[in-house]
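Chain by chain, the residues run as shown.
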Amino acid sequence: MSIYTGDSIKLQDYSMVEHNSSPGHVQLSEKCGEKVFLAETFYISSKKNTVFQVRLTEKGLCLRKESSNGVKEQTILLADIIGCRCLRSKRRGHGGSACACSALPGPAQLKVVEANSGEQDESDASAYLYIYAYILKRSRRGGRRERTTITLRFRSFDKYEDNNREAQKWRTAIKALINDEIPKTPTYTPSDTRKMLVLLNPKSGSGKARESFQQRVAPIFVEAELPFELHVTKRANYAREFVRTRDIYAFRGIVVVGGDGIFYEVINGMLERADWERALEEVSVGIIPCGSGNGLARSIAHIYGEPYEPKPVLGATLNVIRCRSTTMDLVRVETKSQIMYSFLSIGWGLISDIDIESERLRAIGGQRFTLWSVHRLISLRTYQGRVSYLPASQIVTNGGTGEKQFEGSFGRSSGTMMRHSLSYNTALDCPDCHGDGDCETCDTGFGDVLSLETSTGVDSFRPRLDSWYSATSRKSAYYSTAESIYRSVHEKNSQDGSQADDETQSHQMFGPASKIPALTTPVPDTWTTIEGDFVMVHAAYQNHLGSDCFFATASKLNDGIIWLCIIRGGVSRSQLLTFLLGLSSGTHIPSTQNDYIQMIPVQAFRLEPTSGGPPGCVTVDGERVEYGPIQGEIFRNMANVMVPAQS
């Protein structure tokens, strides 16, 4: 494709940013109250009446297409951009290098390498800036994150160094803005250069966590230029021991790859440190779901309106890229022999039985819960015991939304909840495609991977003439232009070579002082007590217990509430079937008064199974604990969990 070399296009109502010749600053411009950092005007040589204007603003990368058919715009939000890299064209293996004045290489010919790799094409003075974004696309079927690469080819100057300086100016501004900083210098150095600690459980779910990380997570870390240190767990409680004994402050944050079990290990490892308060306050923990349940990851996606199915790994990886976090409640759990901290749920009866007993079907993944639910419904069990709880004391209104929230008496007040929004696109409301993104009527020209090229010119005062073309299909295979930094850190189990910290060893548990009576003493008269037969008692403090188990529909990450679900003995199998079928949609709790199934907001509770009944399971965050009395109380905003970036 040849490059158009006609007169430059001048738009009267467009605020351009002149290139600042003084190093160390990026010149700003104001338009409609929005701060503009960089701007360029482009066009397509095959469509001379089509003009593209690109602006880098405090909101994101604004693309404006003007043609005889009208004006269409899209803003790629800063929250959707994860990184960018400056590269050079790769030397061709056959026929020598292309002439610098030749037409722009087509999609199949364009290959790039690092500037000092030794494989660069010295005859091509162009500098390429690759911008990586994952745009949220809405449709009637839900939504998905669509990977988009925007390629900027700078070749206005005869020397690579001059073109690279232009590319670096854009890279510096973008990298600074996506990290909430103001671009001030020609080169960008992140304020936090620490690595991300990644703890991976290779046996999570169906055992494909290592493969998922290598193929789907590590390449995104490379795109974001996020250094990491990977440790693969070797046994139960490996992650717990690691977090308890290592210098976790040397890392930017902790990312667990696996199910809810490894997240549980990390949280309790932090609370076994003498400096537990500092650890919980300074170290954020993120989760990339590769387990069978994935309750926490699903809850975060639901709260922030992020797509989860069918590929939850992508969305969760994007969550941890920038290490943004919000506070999360923890529940102090006390049994006859130990104290632990929980982030998800405590269960006794039906759901706990399904969770633990279906372990023999772990190889089939999340479907094991469905199969065992049918089995347990047929051979229904009831348990005798006592349930006591302290009701939620106060109801407050959430701002002006009218949404009711329960305020507990423990911990500090909840922080502001952030939500993620989609990229702005005038084509999303097209009546022909209903936002599915496959309609020619509303095609803005932004859907494909975009590539932009500046002109060559011998006169430094010559106007910049640019060309925009589609480099590759958005459905093309994924590839990374950067060198992979995936590696595993292998260590001995302990200094003497023996296995350290097995499940029989216990360590002192720290944390805030309990504000309820000890498990060995009676509950106060202000508590409510129920005795009799129970099919299930399950306490939850996340909205999802698993990927398809929408259990506590009103629960938030930091609302200070435990949602206690009680199913009394005597409930019919048809009622239980309706309950189980409704778990996926959150319609399991009857809308009318029901004597057998209740969901109660509480601040603390105690379960006391009666001895002599059938054997059962008591679980904490999906892990089995000793069968017997157990109680929990909630503490608000104790930990920091990684969540999607704020738009």
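Predicted, not measured: the structure shown is a model, and the values here were computed from it.

Parameters at a glance
- Each chain carries its own residue numbering, running from 1 in the direction its sequence is written.
- The model is predicted, so local features are restricted to residues of pLDDT at least 70 and side-chain atom pairs to those at 80 or more, both for listing and for counting; the totals for chains, interfaces and linings are taken over all residues.
- In computing side-chain properties, one takes all heavy atoms of the structure into account and sets aside hydrogens as well as water.
- Think of each axis as a best-fit line through the C-alpha atoms, taken over the contacting stretch in the case of a helix, with angles from 0 to 180 degrees between the N-to-C directions.
- Per the convention used, a helix needs a DSSP run of H or I reaching at least four residues, while a strand needs a run of E reaching at least two, with both numbered from the N terminus.
- The cut-offs work like this: below 35 degrees is roughly parallel, past 145 is roughly antiparallel, 65 to 115 is roughly perpendicular, and the gaps in between are oblique.
- By definition, any crossing whose near helix is turned counterclockwise from its far helix by less than a right angle is left-handed, and any crossing with a clockwise turn is right-handed.
- What makes two residues a contact is simply this: any of their non-hydrogen atoms within 4.5 Å.
- Residues were grouped as follows: Ala, Val, Leu, Ile, Met, Phe, Trp, Tyr, Cys and Pro as nonpolar; Asp, Glu, Lys and Arg as charged; and all remaining residues, including Gly, as polar.
- Note on terminology: pairs of cysteine sulfur atoms within 2.5 Å are recorded as disulfides.
- For every residue, the accessible area (1.4 Å probe, protein chains only) is compared with the maximum for its type, and the residue is labelled buried under 20%, exposed over 50%, or partly exposed between those bounds.
- What makes a nonpolar core is a set of buried Ala, Val, Leu, Ile, Met, Phe, Trp, Tyr and Cys residues whose side-chain atoms join them at distances within 4.5 Å.
- Between rings of Phe, Tyr and Trp, where Trp is taken as its six-membered ring, a pair exists when centres lie within 6.5 Å; planes separated by under 30 degrees are stacked, by over 60 edge-to-face, and by other angles tilted.
- Sitting over a ring, as applied to charges here, requires NZ of Lys or CZ of Arg to be within 6 Å of the ring centre and within 35 degrees of the ring normal.

1. Here's the deal with the packing of helix 2 (residues 209-223) against helix 7 (residues 312-321)
Any two packed helices are characterised by the angle at which their axes cross and by the distance between the axes.
And then number 1: The geometry of helix 2 relative to helix 7 is characterised by a closest axis approach of 10 Å and an angle of 30° between their N-to-C directions. By the criterion of interaxial angle, the relationship of helix 2 to helix 7 is roughly parallel. Relative to helix 7, the crossing made by helix 2 is right-handed. Contacts between helix 2 and helix 7 involve Arg 216, Val 217, Ile 220 and Phe 221 from the former and Val 313, Leu 314, Thr 317, Leu 318, Val 320 and Ile 321 from the latter.
And then number 2: Looking at the contact of helix 2 with helix 7 residue by residue, the class counts come to 8 nonpolar, 1 polar and 1 charged.

2. Quick look at the state of the cysteines
As used in these notes, a disulfide is a covalent bond between sulfur atoms, one from each of two cysteines.
And then number 1: Going through the model one piece at a time under the given rule, you end up with 0 disulfides.
And then number 2: Looking at the unpaired Cys 84, the closest cysteine sulfur is the one in Cys 86, lying at 6.9 Å.

3. Here's the deal with the environment of Gly 269
And then number 1: Turning to its location among the elements, Gly 269 is positioned in helix 4 (residues 260-270).
And then number 2: With a relative accessible area of 0%, Gly 269 lands in the buried category.
And then number 3: Between the C-alpha atoms of Gly 269 and Tyr 341, which are 72 residues apart in sequence, the distance is 9.8 Å.
And then number 4: Not counting residues within four places of it along the chain, the set of residues in contact with Gly 269 comprises Arg 240, Val 243 and Arg 244.

4. Some points on the nonpolar core
And then number 1: Grouped together as the largest cluster of nonpolar side chains are 91 residues, with contacts concentrated most on Phe 263 and Phe 551.
And then number 2: Among the elements that make up this core, the one with the highest residue count is strand 23 (residues 528-540) (7 residues).
And then number 3: In this structure Phe 551 touches Ile 351, Met 536, His 538, Ala 540, Asn 543, His 544, Leu 545, Cys 565, Phe 579, Leu 583, His 588 and Met 599, once residues within four positions along its chain are discounted.
And then number 4: Membership of the second largest hydrophobic core comes to 32 residues, among which are Leu 200, Phe 221, Val 257 and Met 642.

5. A look at helix 6 (residues 295-303)
And then number 1: Of all 9 residues in helix 6, 8 are buried; the element is thus mostly enclosed.
And then number 2: Here helix 6 has its buried residues at Gly 295, Leu 296, Ala 297, Arg 298, Ser 299, Ile 300, Ala 301 and Ile 303.
And then number 3: Those residues of helix 6 hidden inside the fold are in contact with helix 4, strand 13 (285-289), helix 7, strand 14 (325-335), strand 24 (544-546) and strand 30 (630-642).

6. Some words on the side chain of Asn 163
And then number 1: As for its placement among the helices and strands, Asn 163 is situated in helix 1 (residues 160-178).
And then number 2: When near neighbours in sequence (up to four residues on either side) are disregarded, Asn 163 contacts Ala 125, Ser 126, Ala 127, Phe 154, Arg 155, Ser 156 and Phe 157.

7. Structural notes on unusual backbone geometry
And then number 1: With a phi angle near 55°, Glu 225 is a residue other than glycine that sits in the positive phi range.
And then number 2: By the element assignment, Glu 225 lies in the loop between helix 2 and strand 11 (228-232).
And then number 3: Its identity as a non-glycine residue notwithstanding, Asp 621 has a phi of 55°, on the positive side.
And then number 4: Mapping Asp 621 onto the fold places it in the loop between strand 28 (618-620) and strand 29 (623-625).

8. Points about the packing of aromatic side chains
And then number 1: Enumeration according to the criterion identifies 8 aromatic pairs in this entry.
And then number 2: Geometrically, the ring pair formed by Tyr 238 and Phe 242 is tilted, given 6.4 Å between the ring centres and 35° between the ring planes. With a gap of 4 residues between them, Tyr 238 and Phe 242 both fall in helix 3 (residues 238-245), about one helical turn apart. Judged on exposure class, the residue Tyr 238 and its partner Phe 242 are both buried.
And then number 3: Ring centres 6.0 Å apart and planes at 45° place the aromatic pair Trp 348 and Tyr 383 in the tilted group. With a gap of 35 residues between them, Trp 348 in strand 16 (residues 345-349) and Tyr 383 in strand 17 (residues 383-391) connect regions that are remote in the sequence.
And then number 4: In this structure Tyr 383 comes out as buried when scored by relative accessible area, which is 2%.
And then number 5: Members of the aromatic cluster, joined through ring pairs, are Phe 213, Phe 221 and Phe 228.
And then number 6: Directly above the ring of Tyr 160 sits Arg 88, whose terminal nitrogen or CZ lies 3.8 Å from the centroid.
And then number 7: Lying over the aromatic face of Tyr 249, Arg 278 brings its terminal NZ or CZ to 3.6 Å of the ring centre.

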